[in-house]
Amino acid sequence: MSELREISGRSANDMPATPVYGAPVDHPSAWKVADFTSPADYTIELDASQLREIERAMRQIKAAGLGLDDLQHEHFPLPSLRPVIAEIRHHVADGRGFVVVRRLPVERWSKDEIGMIFWGIGTHLGRGLSQSVLGDRLGHVKDFSREDPLARAYRNKQELSPHTDSCDLVGLMCLRTAKSGGVSRLTSAITAHNLMREADPEALECLYRGYAFHRRGEEQPGELPFTPYRVPVFSNTEGMISARYVRTYVEAGEAAAGRPMGDADLAVLDRLEEISKRPDLMLEFTLQPGEMYFINNYTILHARTAFDDFDEEDRRRHLLRLWLEVPSMRPVHPYIRRNGIEPVAGRTPSYDWSTLTKNRN
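Residues numbered from 1 in each chain as written. Predicted model: local features only at pLDDT ≥ 70, side-chain atom pairs only at ≥ 80, totals over all residues. Heavy atoms only, no water.

**Student:** Even after reading the chapter, I still don't get the overall build of the chain, so can you show me in this structure?
**Tutor:** For the chain, the helix and strand inventory stands at 8 helices and 15 strands. The buried share of the chain, taken over its 361 residues, is 54%. Taken as a whole, the chain presents about 15,500 Å² of accessible surface, with 50% of it coming from carbon and sulfur. (Helix = DSSP H or I, 4+ residues; strand = E, 2+ residues; numbered from the N terminus. Buried < 20%, exposed > 50% of the residue type's maximum accessible area, 1.4 Å probe, protein only. Areas by Shrake-Rupley, 256 points an atom, 1.4 Å probe, with all protein chains shown as cover.)

Written out as structure tokens, the structure reads:
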């Protein structure tokens with residue numbers, strides 16, 4: 001079915017199934033900030049033997065002349081890290097949905113070498129995906145707004161409201177912090193769902209029905225600039241609740257589909273954001289150089305405060321990002337599973353939202 005045929009009329013493809021809320025989710029993924037007594041409750045510390053093993057792997061990779069695009073998990077055997085990888089998988093897929101790993105001594109390696117190490121760890125967790133039309137499988141989270149005022153959110157310094165990405169598992173690693181700001185924020189989408197189920201079931205029903213998502217200028221040739229189907233913000237697949245949400249994409253997608261959102265529609269999104277930003281639900285921390293986190297993209301909403309940067313290029317905030325495909329991690333609604341963004345020659349990850357929405361995040 002072509003996209004133009006799919007968008008015409010109301011079909012089963014346009015309307016996700018009636019929400020099945022069931023009982024509130026009682027699971028480690030439905031957490032609140034008070035569930036953690038200290039950062040140690042969600043942190044893994046790399047030990048000296050594991051760091052030595054990483055160094056040996058890097059020496060072998062350099063001796064073989066391998067680049068990032070050549071690296072597969074067999075190039076990072078890392079036997080002493082197997083328990084760490086298993087623990088990351090457990091917490092992300094079956095536990096609270098996220099884990100912080102510290103501390104890789106980034107001062108020992110060049111930026112490119114650190115990127116290869118981060119990528120190498122990622123190969124044990126999933127398959128790396130392209131993150132934009134540039135084809136960047138190792139994303140650089142920096143402020144590019146000086147060069148591109150319309151740069152996508154991960155390439156500027158604005159605040160990012162709670163959202164999900166276009167993959168199964170997200171990894172983020174810090175090389176340099178900002179002059180100020182840039183605080184990471186994580187919220188359990190499952191807890192937000194539980195609270196909306198109790199306090200505002202009508203709004204939750206709208207979120208289950210879903211919205212057209214804008215493709216922010218990164219659609220493939222021949223595709224519409226928005227999804228020709230409604231993407232559910234919350235969905236229940238085989239009894240598991242999952243989330244897919246980016247407010248800007250929702251507002252712009254609905255406008256592009258000829259359904260600009262009115263006050264009542266926007267109030268539903270406001271309600272979700274009000275809950276997901278509650279201080280008792282939003283865990284805040286600042287990744288330090290050499291620290292990384294991995295999150296389940298279906299159970300965790302992630303965000304970031306705005307930041308001020310240094311003027312010097314070699315001091316500017318810089319994080320590395322992985323989008324990983326892990327099909328076995330969780331059964332999800334087909335409209336929310338995204339395998340990254342395919343490269344498109346001649347395009348850049350920037351878009352002017354001004355005609356479609358006042359929001360930028």
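**Student:** Looking at this structure, I do not really get the environment of Leu186. What am I missing?
**Tutor:** If you trace the backbone, Leu186 turns up in strand E8 (residues 184-188). In the structure, Leu186 is positioned 115 residues away from Leu301 in sequence and 5.8 Å away in space, judged by C-alpha atoms. Once you skip the residues sitting within four places of it in the chain, Leu186 turns out to touch Trp31, Phe98, Leu281, Met282, Leu283, Phe285, Tyr293, Ile295, Ile300, Leu301 and His302. (Contact = heavy atoms within 4.5 Å.)

**Student:** Explain the packing of helix H5 (residues 189-199) against helix H6 (residues 201-209) here, please?
**Tutor:** Angle between the axes and distance between the axes are the two parameters that describe a pair of packed helices. Viewed as axis vectors pointing N to C, H5 and H6 meet at an angle of 130°, and their least axial separation amounts to 6 Å. What the angle tells us is that H5 and H6 run oblique. Within the contact between the two elements, H5 uses His193, Met196, Arg197, Glu198 and Ala199 and H6 uses Pro201, Ala203, Leu204, Leu207 and Tyr208. Residue composition of the contact of H5 with H6, grouped by class: 7 nonpolar, 1 polar and 2 charged. (Axes fitted to C-alpha atoms, helices over the stretch in contact; angles between N-to-C directions. Parallel < 35°, antiparallel > 145°, perpendicular 65-115°, else oblique. Nonpolar A, V, L, I, M, F, W, Y, C, P; charged D, E, K, R; others polar.)

**Student:** Teacher, can you tell me more about the nonpolar core here?
**Tutor:** Generally speaking, a soluble globular protein has its nonpolar side chains buried in company with each other. In this structure, Ile88, Leu104, Leu207, Phe234 and Phe294 are the most contacted members of the largest nonpolar core, which totals 71 residues. Among the elements that take part in this core, helix H4 (residues 111-123) stands out by supplying 6 residues, more than any other. Apart from residues no more than four positions distant in its own chain, Leu104 is found in contact with Leu46, Leu51, Ile54, Trp109, Ile117, Met173, Pro289, Gly290 and Met292. Val170, Tyr293, Leu319 and Ile341 belong to the second largest nonpolar core, which has 23 residues in total. (Core = buried A, V, L, I, M, F, W, Y, C linked by side-chain atoms within 4.5 Å.)

**Student:** Sorry, what's going on with the sheet that holds strand E11 (residues 282-285) here?
**Tutor:** To summarise the sheet geometry, strands pair through backbone hydrogen bonds and adopt either a parallel or an antiparallel arrangement. Across the sheet, 4 strands lie side by side as E5-E13-E8-E11; this open sheet has antiparallel pairing. For this open sheet the edge positions go to strand E5 (160-163) and E11, each flanked by a neighbour on one side alone. Adjacent strand axes in the sheet meet at a mean angle of 15° when their direction is disregarded. Pairing geometry for E8 and strand E13 (residues 300-304), over 5 bridges, is antiparallel. Directly across from Thr187, in E13, lies its bridge partner Leu301. Against the sheet, H5 touches E8 and E13, its axis set at about 50° to E8. (Pairing = 2+ DSSP bridges.)

**Student:** What should I look at first to understand the packing of H6 against helix H8 (residues 263-276) in this one?
**Tutor:** Relative to each other, H6 and H8 sit at 105°, their axes nearing to 10 Å. With respect to H8, the element H6 is oriented roughly perpendicular. Within the contact between the two elements, H6 uses Ala203, Cys206 and Leu207 and H8 uses Val268, Leu269 and Leu272. Class assignment for the residues of the contact of H6 with H8 results in 6 nonpolar, no polar and no charged.

**Student:** I'm lost on H6 in this one. Help?
**Tutor:** In an α-helix, one full turn covers 3.6 residues, which means residues spaced three or four apart are oriented alike. Taken as a whole, H6 has its buried residues at Ala203, Leu204, Leu207 and Tyr208. What you see down the axis of H6 is that its buried residues fit within an arc of 145°, all on one side. Turning to H6, the residues buried within the fold contact H5, strand E9 (234-237), strand E10 (240-243) and H8. Backbone geometry just after H6 places Gly210 at a positive phi near 90°. (Arc of directions from axis to C-beta.)

**Student:** Hey, could you run me through the packing of aromatic side chains in this one?
**Tutor:** Counting across every chain of the model gives 9 aromatic pairs. Judged by centre distance (5.7 Å) and plane angle (85°), the ring pair of Phe36 and Phe98 falls under edge-to-face. Of this pair, Phe36 sits in the loop between helix H1 (3-7) and strand E1 (43-45) while Phe98 sits in strand E2 (residues 98-102), and the two are 62 residues apart along the sequence. It is Arg315 that lies over the ring of Phe310; its NZ or CZ is 3.9 Å from the centre. Sitting over the face of the ring of Phe307, Arg317 holds its NZ or CZ atom 4.7 Å from the ring centroid. (Phe/Tyr/Trp six-rings, centres within 6.5 Å; stacked < 30°, edge-to-face > 60°. Lys NZ or Arg CZ within 6 Å of the ring centre and 35° of its normal.)

**Student:** Before we go on, may I ask you to explain unusual backbone geometry in this structure?
**Tutor:** Excluding glycine, most residues fall at negative phi; most peptide bonds, likewise, are trans. Arg103 follows Arg102 through a cis peptide bond whose omega is -5°. Inspection of the secondary structure puts Arg103 in the loop between E2 and H4. One non-glycine residue, Leu78, lies in positive phi territory at about 40°. Within the fold, Leu78 resides in the loop between helix H2 (48-64) and helix H3 (82-94). Phi at Arg216 takes a positive value of approximately 45°, unusual for a residue other than glycine. Overall, Arg216 belongs to the buried group, its relative accessible area being 6%.

**Student:** So what exactly am I meant to see when it comes to the pattern of salt bridges here?
**Tutor:** If charged atoms from side chains of opposite charge come close, those side chains can pair. All told, the structure shown has 24 salt bridges when counted by the stated rule. Between Glu55 and Arg108 there is a salt bridge whose closest N-O contact spans 2.4 Å. Of this pair, Glu55 sits in helix H2 while Arg108 sits in the loop between E2 and H4; the two residues are 53 residues apart in sequence, bridging distant segments of the chain. Glu55 gets classed as partly exposed once you look at its relative accessible area, which sits at 23%. Where Glu251 meets Arg247, a salt bridge forms, and the shortest distance between an N and an O atom there is 2.6 Å. Of this pair, Glu251 and Arg247 both sit in helix H7 (residues 247-256), 4 residues apart, which is roughly one turn of the helix. Here Glu251 falls in the buried class, since its relative accessible area comes to 10%. A cluster of three or more residues bridged by salt bridges with shared partners is formed by Arg247, Glu251, Asp270, Glu273 and Lys277. (Salt bridge = Lys/Arg side-chain N within 4 Å of Asp/Glu carboxyl O.)

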